[in-house]
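# Structure at a glance
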Amino acid sequence: TNGIISRQSAGKIRYMDSRIDEQERQITMKSSSIALQWREPLSSMAGCEANPTYMVNLIDSPGHVDFTSEVSTAARLADGALVVVDVVEGVAAQTRTVLRQAWRDRVKTCLLLNKVDRLIVELELTPLEAYQKLVKILEQVNAVNQQLISEDVMAKDAEAVDKEAAA
């Protein structure tokens with residue numbers, strides 16, 4: 001345990017979902033933020049006098065398609081984003097929208113595969129089947145990213161052709 005949340009409450013308390021309707025539905029509906037401070041442990045700082053401190057501003061934004069404007073606003077404020085994918089649900093339309101928004105706003109993304117335990121506990125997949133499911137999700141995310149790169153390259157090529165034609 002981290003000393004903040006008890007073992008009994010871990011996974012049940014939704015600190016970032018402060019609205020009553022968010023607590024009841026167990027989904028994020030409104031973006032919320034928290035500032036987290038992290039200091040490098042002294043043991044990893046051998047030979048350094050200063051012990052640097054970092055500030056991380058975490059924005060929890062909704063993942064459901066009905067709340068796309070909340071995600072767009074949060075993306076404009078961010079330097080990076082964790083794109084969380086429920087491995088049972090897989091890559092959904094909103095995942096693609098979030099990746100496109102991050103690409104457009106030049107936000108660095110990191111994929112987080114969530115609820116991996118459900119593959120075994122609920123779906124009762126074998127280790128090989130679970131692995132194949134995870135690989136499929138990675139391939140889907142990579143395909144979206146490749147499409148975004150291709151669109152960008154094609155748009156730049158078309159722009160270059162238009163400039164040549166105008167000259």
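The structure reproduced in this document is the subject of the present report. One numbering rule holds for all chains: residues counted from 1, following each sequence as written. Under the rules for a predicted model, residues below a pLDDT of 70 receive no local features and side-chain atom pairs below 80 are neither given nor counted, while totals for whole chains, interfaces and linings still include all residues. Where side-chain values are given, they derive from all heavy atoms of the structure, hydrogens and water being excluded.

This next bit is on helix H3 (residues 93–104). The numbering of helices and of strands both runs from the N terminus, where a helix is a DSSP run of H or I of at least 4 residues and a strand a run of E of at least 2. In this analysis, the expected span of each helix is defined as 1.5 Å times one less than the number of residues it contains. With 12 residues, H3 should cover 16 Å at 1.5 Å per step; its first-to-last C-alpha distance of 17 Å lies within 8% of that length. Residues of H3 that are buried: Gln94, Thr95, Leu99, Gln101 and Ala102. Along the axis of H3, the buried residues cluster in a sector spanning 160 degrees; they form a single face. Away from its buried face, by an angle of more than 90 degrees, H3 presents the exposed residues Ala93 and Arg104. At the C-terminal side of H3, arginine 106 shows a positive phi close to 55 degrees. When a residue's accessible area, from a 1.4 Å probe over protein chains only, is under 20% of the maximum for its type it is buried; when over 50% it is exposed; and in between it is partly exposed. In this context, the arc is that of the directions from the helix axis out to the C-beta atoms.

Okay, the pattern of salt bridges next. The salt bridge definition used is simple: a Lys or Arg side-chain nitrogen within 4 Å of an Asp or Glu carboxyl oxygen. Within this structure, the stated rule accounts for six salt bridges. One salt bridge connects arginine 118 with glutamate 122, and the closest N-O pair in it is separated by 3.0 Å. With its nearest N and O atoms 3.8 Å apart, the salt bridge here joins aspartate 152 to lysine 156. Taken together, the residues span about one helical turn, with aspartate 152 and lysine 156 both in helix H5 (residues 127–166) at a distance of four residues. Looking at aspartate 152, the relative accessible area reads 22%, which means it is partly exposed.

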